[in-house]
Amino acid sequence: MTERHLQPLLHELVGAVLAPTSALGDAAGQIRPTGVQGVFHADARVLSRAELRVDDQEPEGLTRGPAGPHGVRFVGLARWLGDPGADPTVRVERLRRVTPRGLTEEVRVVSTAATAVRAIVSVDLGCDLAPIEVVKSGGTTEPLPAKSGEPGQLIWLAAGITVTATGEGATAEASGDRATTPRLSWPVALPPRGEAVLRWRLAVDDPRAVVVCPPGEPTWSRPALRADDRRLVRLVDRSLDDLRGLRLAETGTPHDVFLGAGVPWFLTLFGRDSLWAARMMLPLGTDLAAGTLRVLARRQGVRVDPATGEAPGKILHELRRHEFAPGAGLRLPPAYYGTVDATMLWINLLHDAWRWGLPAHEVEPLLPHLEAALNWLAAHADADGDGLVEYVDSTGHGLANQGWKDSGDAVRFRDGRLAAPPIVLAEVQGYAHEAAVNGAALLDAFGRPGGDRWRAYAEELAGRFRAAFWVDGPYGPQPALALDRDKRPVDSLTSNIGHLVGTGLLSGEEEAQVARLLRTEALSGGFGLRTMSTDDAGFSPLSYHCGSIWTHDTAIVLANLARAGFREAALGLADGLLGAAEAFDYRLPELYGGDDRSLLGRPTPYPAACHPQAWAAAGAVLLLQAAAGLYPDVPGGTVRLAPLAGPELGAVAAEHLTVAGARVAVTVDRAGHPTVTGLPADLTVVPPTPSVPTPRRSPTDHPTKA
């Protein structure tokens, strides 16, 4: 039988992060030389083992919990020590904190025994410097031999990286059989009811890393939040801690901050992920958006290069230190441009940041990049000239699918067949329409030509979409997921259609029909929005993109629905997301299973999901914005209030939201009446647009079968 290399599972591992460093271990705190456990720094595993023992026995794991934004505390028992009897009298606490270039651990041995306790505490270490793509593909690497340095010090050197472990007051063993499993050890002698504190640290010197930890604290505001539904408060608090740990900057430009995509596979610059996350974070300030825009503008495409996917004006997909080749024929160059949507998302982030108050002096230097991005949309995004945006991987070793659902099997017909490329994705046409309209608004506002051209482009695109994408489905008319090579509608019912709401691509009546479709049990019967409906042949609750539930996808769609006035549809998704947050201890993963809520009463983990993950964590801020209903247009001098909070979601009060640099507070009572304070004097509050009428029939009704 051919050996299968499987991607390691993540769902039961406990992580801590301060990008570009992250640590993943088991529930007891051990880091074992298996799977994806280890300490990672900028795409390399710098520690593959850290196993704590007391008298050569492992403490029995008892519990664990977060210790600040970058740490985790584990509690175990050494029941073979201390007083006899049923009650344990010796516990071992392990406090792990990640640093920008390593980690620290504090081991506290605490005795409540009436007699003295003596023991040897040790930590067995290992380092393999495995590249992240080798770990992701289930590959194995041999541990490297360690060298002894100063007293209590171990050193590994390879691939230009130096890794040093130092134990305060420890003995270091690295000779003979211990060369690849070196040990730090401490003798411990405790008096009755005594304790000992032992410390060791890991330091990484990695001059070739392409990303670094930015200096200082986050510049975004931290809301003071009160809510009847305490799940929202806990979710926002935990998410902001995680987002603090995911901040990154490029080496050489440390003050332009962006968010790394996720732990452990994607802790680097990802165009789509970083842009979406920054867009979701706008209610807390525009600095993150500005940094993300500038970083990606510096790497905007300038030439046509099929090997990397680069084209003039195109925005980068991902950045690595070397080729990323996790297997199955996929080989991505260090700077890879294989994304169909990041360029439009860059335009839309620039526009939205401007609407939230990004100052003109920060917008103006980015306008040439805006024009280049719009020109990419005109000159390179439509290879066959039919007026729609498509993609195809011409290399044979890049991403076959280049929308956010980028797995190879993500684009399927209702009967389960795979669509053949080039692919024209539905939501991408929505992003393109929105980018054209938003780009035109920016060009007009800053006195640059071209606005009329892009408004005409948007109008023509809407007509082409209406003619090509709408099909008859089991719940009435629906937008297809995509068009295939032969321009046939890919007729599965998917979450992609929710991204169309609010882009301007659809009419009001069409948006109302999409809202009805999104409320069907087939799409929203789990803890959020399924990526594919249960009626489609390709559906599987643990398929990466054909039935699972993605946190960011659900958050984006519920926010679109709330902003457009589809209250009931938005509330249903919000309830699912909050239920999932509770089940995952308020660290929402990248994705989870799309099983029906009644199956287990809690969501099924997706075993390889990143956590924490930037656009999953930032989805909490988007949910908060929808609840508060704060929609500013600083250049237009207005703020619209249309809260989702109220009778169903409960009251919400959020202080320290940010509009045009001012700290703003929004309070929504249980009846849904909002008030806002702290707005700049030149902004006027305008009433919400009229709510969308309730659909005449229940969207969960199944159609009559012939």
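Details of the structure are given in the entry above.
Colleague: Before we move on, could you go through the overall build of the protein and cite the residues and values that matter?
Modeller: Per the secondary structure count, the protein includes 15 helices and 37 strands. By the compact-globule yardstick of 27 Å for 706 residues, the protein fits well, its C-alpha radius of gyration being 26 Å. Expressed as lengths along the three principal axes of its C-alpha atoms, the size of the protein is roughly 80 × 60 × 55 Å. The proportion of buried residues among the 706 residues of the protein is 60%. The long-range fraction of contacts in the protein, counting pairs at least 24 apart against all pairs at least 6 apart in sequence, stands at 65%. Total accessible area on the protein is roughly 26,200 Å²; 51% of this is exposed by carbon and sulfur atoms.

Colleague: I'd like a description of helix α8 (residues 426-445), backed by residues and values.
Modeller: Given a rise of 1.5 Å per residue, 20 residues ought to cover 28 Å, and the 29 Å separating the end C-alpha atoms of α8 matches this to within 8%. Counting buried residues along α8, 16 of its 20 residues qualify, which places the element largely inside the surrounding structure. Gly-447 occupies a position one or two residues after α8 and carries a positive phi of about 70°.

Colleague: I'd love a proper account of the environment of Ala-174, names of residues and values included.
Modeller: Here Ala-174 shows up in the loop between β14 (171-173) and β15 (183-190). Ala-174 gets classed as buried once you look at its relative accessible area, which sits at 12%. Ignoring anything within four residues of it in the chain, the contact list for Ala-174 reads Ala-146, Ser-148, Leu-154, Ala-179 and Pro-182.

Colleague: Please provide a residue-by-residue account of the pattern of salt bridges, values included.
Modeller: In total, this model carries 54 salt bridges according to the counting rule given. A salt bridge links Arg-183 to Asp-56, with the nearest nitrogen and oxygen atoms 3.0 Å apart. Of this pair, Arg-183 sits in strand β15 while Asp-56 sits in the loop between β5 (49-54) and β6 (60-66), and the two are 127 residues apart along the sequence. Exposure remark for Arg-183: the relative accessible area of 12% places this residue in the buried category. With its nearest N and O atoms 3.2 Å apart, the salt bridge here joins Glu-106 to Arg-108.

Colleague: Kindly report on the side chain of Thr-343, identifying the contributing residues and their values.
Modeller: Note on placement: Thr-343 falls in helix α5 (residues 342-356). Judged by its relative accessible area of 1%, Thr-343 is buried.

Colleague: Tell me what's going on with the nonpolar core, and back it up with residues and numbers.
Modeller: Of all hydrophobic cores here, the largest spans 188 residues; its most connected members are Trp-346, Val-411 and Leu-561. Sorting elements by how many residues they give to this core places helix α15 (residues 614-628) first, with 12 residues. In this structure Leu-561 touches Val-501, Ala-515, Leu-518, Phe-566, Ala-569, Ala-570 and Leu-573, once residues within four positions along its chain are discounted. Grouped together as the second largest cluster of nonpolar side chains are 44 residues, Val-46, Val-54, Trp-186 and Leu-198 included.

Colleague: Which residues make up the sheet that holds strand β18 (residues 224-227), and what are the values?
Modeller: Ordered by their spatial adjacency, 4 strands build an open sheet running β18-β34-β35-β36, and the pairing between neighbours is antiparallel. Each edge of the open sheet carries a strand with a single partner, namely β18 and β36 (674-677). The mean angle between the axes of side-by-side strands here comes to 25°, regardless of whether they run parallel or antiparallel. For strand β34 (residues 652-659) and strand β35 (residues 662-668), the ladder comprises 6 bridges, and the chain directions are antiparallel. Residue Val-659 lies in a different strand from β35, and its bridge partner there is Ala-662. Lying on the sheet, α15 is in contact with β18, β34 and β35; it crosses β34 at an angle near 110°.

Colleague: Report on the packing of aromatic side chains, specifying residues and quantitative values.
Modeller: Within this structure, the stated rule accounts for 10 aromatic pairs. Look at Phe-266 and Phe-270: their rings are 5.3 Å apart centre to centre, the planes differ by 75°, and that puts the pair in the edge-to-face class. Classification of Phe-270 as buried rests on a relative accessible area of 5%. Between the aromatic rings of Trp-354 and Phe-446, the centroid separation amounts to 6.2 Å while the plane-to-plane angle is 50°, which identifies the pairing as tilted. Highlighted residues: Trp-354 in helix α5 and Phe-446 in the loop between α8 and α9 (451-469), separated in sequence by 92 residues. With relative accessibility at 13%, the residue Trp-354 sits in the buried group.

Colleague: Any chance you could break down the packing of α5 against α8 for me, citing the residues and the numbers?
Modeller: With their axes 8 Å apart at the nearest point, α5 and α8 run at an angle of 45° to one another. It follows that α5 is oblique to α8 by the angle criterion. At the point where α5 passes α8, the crossing takes the left-handed sense. Where α5 approaches α8, its residues Met-344, Leu-345, Ile-347, Asn-348, Leu-350, His-351, Asp-352 and Trp-354 are matched on the opposing element by Val-428, Tyr-431, Ala-432, Glu-434, Ala-435, Asn-438, Gly-439, Ala-441, Leu-442 and Ala-445. Residue composition of the contact of α5 with α8, by class: 12 nonpolar, 4 polar and 2 charged.

Colleague: Can you explain unusual backbone geometry? Please cite residues and give values.
Modeller: Backbone phi values are negative for most residues with the exception of glycine, while trans is the configuration of most peptide bonds. Cis geometry is found at the peptide bond from Val-263 to Pro-264, where omega equals 0°. Cis rather than trans, the peptide bond between Pro-421 and Pro-422 has omega equal to 0°. Mapped onto the secondary structure, Pro-422 falls in the loop between α7 (367-379) and β25 (424-425). One non-glycine residue, Ala-42, lies in positive phi territory at about 50°. The topology assignment puts Ala-42 in the loop between β3 (38-41) and β4 (44-47). In the Ramachandran plot, Lys-487 falls in the positive-phi region, its phi being about 65° despite a non-glycine side chain. Along the chain, the position of Lys-487 falls in the loop between β28 (482-483) and β29 (489-490).

Colleague: So what's going on with the sheet that holds β25? Which residues, and what values?
Modeller: One open sheet holds the 3 strands; their spatial order is β25-β28-β29, and the pairing between them is antiparallel. Of all strands in the sheet, those with a lone pairing partner are β25 and β29, marking the two edges. Pairing analysis gives 2 bridges linking β28 to β29, with the strands arranged antiparallel. The partner of Ala-482 across the bridge, within β29, is Val-490.

Colleague: Can you break down helix α12 (residues 551-564) residue by residue, with the values?
Modeller: With 14 residues, α12 ought to run about 20 Å at 1.5 Å a step, and its terminal C-alpha atoms sit 20 Å apart, in line with that. Burial of α12 is extensive: 12 of the 14 residues sit out of reach of the surface. Every buried residue belonging to α12 is among Thr-551, His-552, Asp-553, Thr-554, Ala-555, Ile-556, Val-557, Leu-558, Ala-559, Asn-560, Leu-561 and Ala-562, and all of these are buried. Positive phi shows up at Gly-565, right after α12, with a value of about 95°.

Here is what the cut-offs are and how they apply
Residues numbered from 1 in each chain as written. Predicted model: local features only at pLDDT ≥ 70, side-chain atom pairs only at ≥ 80, totals over all residues. Heavy atoms only, no water. Helix = DSSP H or I, 4+ residues; strand = E, 2+ residues; numbered from the N terminus. Rg over C-alpha atoms; globule rule 2.2 N^0.38 Å. Buried < 20%, exposed > 50% of the residue type's maximum accessible area, 1.4 Å probe, protein only. Contact = heavy atoms within 4.5 Å. Areas by Shrake-Rupley, 256 points an atom, 1.4 Å probe, with all protein chains shown as cover. Expected span 1.5 Å × (residues − 1). Salt bridge = Lys/Arg side-chain N within 4 Å of Asp/Glu carboxyl O. Core = buried A, V, L, I, M, F, W, Y, C linked by side-chain atoms within 4.5 Å. Pairing = 2+ DSSP bridges. Axes fitted to C-alpha atoms, helices over the stretch in contact; angles between N-to-C directions. Phe/Tyr/Trp six-rings, centres within 6.5 Å; stacked < 30°, edge-to-face > 60°. Parallel < 35°, antiparallel > 145°, perpendicular 65-115°, else oblique. Left-handed = near helix turned anticlockwise from the far one by under 90°. Nonpolar A, V, L, I, M, F, W, Y, C, P; charged D, E, K, R; others polar.

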